[in-house]
Structure formats: structure tokens, C-alpha cells
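A closer look at the structure
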Amino acid sequence: MLSGITDTHALVWYASGASNKLGVAARRIFEAADRKDGSGMVIIPTVVLHEISSLLIAEKIKLGTNLADWTRSLEKHGFLQIVDVSAKWCCVRTTSKTSPILSIA
């Protein structure tokens, strides 16, 4: 299974159809997760949702719906997992080489 932890820009770009802005590895992981067949999983830290909220307030992005509905659609996806990231979780994740950060690279 391909998996990765997304940052704000990667999630916004993929969700808005601008996946061409993503690096090859990040795009592959998002596409695998979108197949919903267990071949991919994208972890979404809650801070990413906070940053998206800030971008919406600043009118830097548009979602096409309100943030609550958009977040519910992420939760229902099945292979996009919203995670409340704690310091302990970060320490555990840094010992794993299987989940890269999905960034603009």
C-alpha cells in the first residue's frame, strides 16, 4: 500500500484538480487512495484543515462547498484519514520510512 502524510498545498491542489502541481510520488499516492481499493492511504493532519480554514477566510482558495461539508466528504472517503497529530504520534511516525510527507515536491 502506498501511503503518505499530506500538507495543505498538496491536499488543496489534488482536491481542486490541480494534481499537475504535485510531485510524481505525491500524485501516485493520492491516485492510489482515490481508487478506494486499498492500494493507497493519505493521512491528513488536523492542522491542514486549520490551514485550509485560514485560506478560506483570507479568500485565497474556494472549495465549492463549506468547510464542514468538505471535511465530511474527506471523512467518508475511506482512504483519506484525518488524524489529530500529537507530539507522540510525530515521534512514532519519524521512525517509519513508509509514509513520506506529500508536499509540493
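Above this text sits the structure in question.
In this text, all values refer to a predicted model and were calculated from it rather than measured experimentally.

1. A short note on the side chain of Thr71
Of note, Thr71 is situated in helix H4 (residues 67-77). Overall, the relative accessible area of 15% leaves Thr71 in the buried class. Residues within four places of Thr71 in sequence aside, it is in contact with Leu49 and Ile82.

2. Some details on the pairing of strand E2 (residues 40-45)
Working note: regular strand, side chains alternate between the two faces of the sheet. For E2, a buried count of six out of six residues is recorded, marking the element as mostly surrounded by other parts of the structure. Relative to E2, strand E1 (residues 2-6) is paired through four bridges, and the arrangement is parallel. For Leu2, the partnering residue across the bridge sits in E2 and is Gly40. Sheet topology places E2 next to strand E3 (residues 80-83); four bridges connect them, and they run parallel. Looking across to E3, one finds that Pro45 is bridged to Val83.

3. Notes on the pattern of salt bridges
As enumerated under the stated definition, the model contains two salt bridges in all. With a closest N to O distance of 2.4 Å, Arg72 and Asp69 form a salt bridge. Taken together, the positions of Arg72 and Asp69, both in helix H4 and three residues apart, correspond to about one turn of that helix. Owing to a relative accessible area of 40%, Arg72 belongs among the partly exposed residues under this scheme. Among the residues examined, Asp69 registers a relative accessible area of 34% and is labelled partly exposed.

4. Notes on the packing of helix H1 (residues 8-15) against helix H3 (residues 46-57)
It is at 9 Å that the axes of H1 and H3 come closest, and there the two elements cross at 70°. With respect to H3, the axis of H1 lies roughly perpendicular. Handedness of the H1/H3 crossing: right-handed. Only Val48, Glu51, Ile52 and Leu55 of H3 make contact with H1, whose side of the interface consists of Thr8, Leu11 and Val12. Among the residues forming the contact of H1 with H3, the class breakdown is five nonpolar, one polar and one charged.

5. Considering H4
Burial in H4 covers these residues: Trp70, Thr71, Leu74 and His77. Projected down its long axis, H4 shows its buried positions confined to an angular sector of 110°, all on one face. Turned more than 90 degrees from where H4 packs its buried face, Glu75 and Lys76 sit exposed. In this structure, the buried side of H4 is in contact with H1, helix H2 (24-34), E2, H3 and E3. Gly78 sits one or two positions beyond H4 and adopts a positive phi of about 100°.

Conventions we followed
- Residues numbered from 1 in each chain as written.
- Predicted model: local features only at pLDDT ≥ 70, side-chain atom pairs only at ≥ 80, totals over all residues.
- Heavy atoms only, no water.
- Helix = DSSP H or I, 4+ residues; strand = E, 2+ residues; numbered from the N terminus.
- Buried < 20%, exposed > 50% of the residue type's maximum accessible area, 1.4 Å probe, protein only.
- Contact = heavy atoms within 4.5 Å.
- Pairing = 2+ DSSP bridges.
- Salt bridge = Lys/Arg side-chain N within 4 Å of Asp/Glu carboxyl O.
- Axes fitted to C-alpha atoms, helices over the stretch in contact; angles between N-to-C directions.
- Parallel < 35°, antiparallel > 145°, perpendicular 65-115°, else oblique.
- Left-handed = near helix turned anticlockwise from the far one by under 90°.
- Nonpolar A, V, L, I, M, F, W, Y, C, P; charged D, E, K, R; others polar.
- Arc of directions from axis to C-beta.

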